[in-house]
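# Inside the fold
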Amino acid sequence: MFASGVVEVVLLLVLVLLPLAALVALVVGVLRLRARVQQLERQRPVGAGDLAALRADIGQALRHVAVVRYDAFGDMGGRLSFSAAIVDDRGDGVVLSSIHARGESRTYAKGITGGGSDATLTPEEQQALSAARTGQQR
């Protein structure tokens, strides 16, 4: 009779309590995963609306750059003069030029809007601007 009681207890453990413990462990695991997913969703860097705003911000970044080096004067060598164009996706930015001569060096800045300037651009400045806009240096 005692052996039959032990068998019943073992069967109770195996058939009822063990699956119940596994089910509880599974529910606890699912709840932990759900909490982790919610935490990650709160921490995600951008949503769909934020992505458009980030793209607009990146478009305004001065990220297109080109430099043209040249000899400003025929009697000077070494191509120490330069024009550098720095523009964003819309073609807004600046062209910086430094003209090197024997006794001095002068630097000029010209604003660029929509790929053009109110000030007259030298051929070297135009070349730098074109290279910055197309991404092709010569």
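Quick note: structure is the one above.
Described below are features of the structure shown in this document. (Residues numbered from 1 in each chain as written. Predicted model: local features only at pLDDT ≥ 70, side-chain atom pairs only at ≥ 80, totals over all residues. Heavy atoms only, no water.)

### Remarks on the pairing of strand 4 (residues 105-112)
Our working definition: Strands qualify as paired when DSSP identifies two bridges or more between them. Put simply, DSSP marks the helices as runs of H or I at least four residues long and the strands as runs of E at least two long, and each gets a number from the N terminus on.
Note: strand 3 (residues 93-100) against strand 4, 8 bridges, orientation antiparallel. Note that in strand 4 the partner of H100 across the bridge is S105. Between the end of strand 3 and the start of strand 4, which pair antiparallel, lie 4 residues.

### Considerations on the pattern of salt bridges
To be explicit about the condition: Salt bridges are defined by distance alone: a side-chain nitrogen of Lys or Arg within 4 Å of a carboxyl oxygen of Asp or Glu. Residue exposure (1.4 Å probe, protein chains only): buried if accessible area is under 20% of the type maximum, exposed if over 50%, otherwise partly exposed.
Summed over all chains, the structure comprises 4 salt bridges. The salt bridge involving R90 is made with D92; its shortest N-O contact spans 3.3 Å. Residue E125 pairs with K110 through a salt bridge whose shortest N-O separation is 2.8 Å. Taken together, the positions of E125 in helix 3 (residues 123-134) and K110 in strand 4 put the pair 15 residues apart, joining distant regions of the chain. Residue E125 is classed as buried on the basis of its relative accessible area of 2%.

### Brief notes about the pairing of strand 2 (residues 81-87)
The buried fraction of strand 2 amounts to 5 of the 7 residues, a majority that puts the element mostly inside the structure. In the sheet, strand 1 (residues 64-70) pairs with strand 2 via 7 bridges, with the strands oriented antiparallel. Note on strand 2: the bridge partner recorded for Y70 is S81. Sheet topology note: the strand 2/strand 3 ladder contains 6 bridges and is antiparallel. When the bridges of strand 3 are listed, S83 appears paired with S97. Taking the residues that link successive antiparallel strands as the turn, the strand 2-strand 3 hairpin has 5 residues, and the phi of G91 there is positive, at about 90 degrees.

### A few points about helix 3
Counted only if it meets this: Given the number of residues in a helix, its expected span is that number minus one, multiplied by 1.5 Å. Contacts are assigned to residue pairs that have any heavy atoms within 4.5 Å of one another.
Compared with the 16 Å implied by 1.5 Å per residue over 12 residues, the 16 Å span of helix 3 between its first and last C-alpha is a close match. Residues of helix 3 that are buried sit in contact with strand 1, strand 2, strand 3 and strand 4. Of the residues flanking the end of helix 3, it is G135, one or two places downstream, whose phi is positive at about 80 degrees.

### Considerations on the nonpolar core
Defined as follows: Among buried residues, the Ala, Val, Leu, Ile, Met, Phe, Trp, Tyr and Cys ones that are joined through side-chain atoms within 4.5 Å form a nonpolar core.
Counting 12 residues, the largest nonpolar core consists of A66, V68, Y70, A85, V87, V95, I112, L121, A128, L129, A131 and A132. Among the elements that line this core, the one with the most residues is helix 3, at 4 residues. Residue contacts for V87: discarding those within four places in its chain leaves A61, L62, R63, H64, D92, G93, V94, I112, L129, A132 and R133.

### Things to note about the sheet that holds strand 2
The condition that has to hold: Interaxial angle, 0 to 180 degrees, is taken between N-to-C directions of lines fitted to C-alpha atoms, where a helix line uses only the stretch in contact.
Reading across from one edge, 1-2-3-4 is the order of the 4 strands in this open sheet, with antiparallel pairing throughout. Pairing within the sheet leaves two strands with one partner each, and these edge strands are strand 1 and strand 4. Averaged over all pairs of adjacent strands, the angle between strand axes in this sheet comes to 10 degrees, irrespective of strand direction.

### Observations concerning the side chain of K110
Judged by its relative accessible area of 16%, K110 is buried. In this structure, K110 is in contact with G93, V94, V95, S117, A119, T120, L121, T122 and E125, ignoring residues within four places of it in sequence.

### Focus on the environment of L17
Summarising the element assignment, L17 is placed in helix 1 (residues 2-43). With 91 residues separating them along the chain, L17 and Y108 place their C-alpha atoms 84 Å apart.

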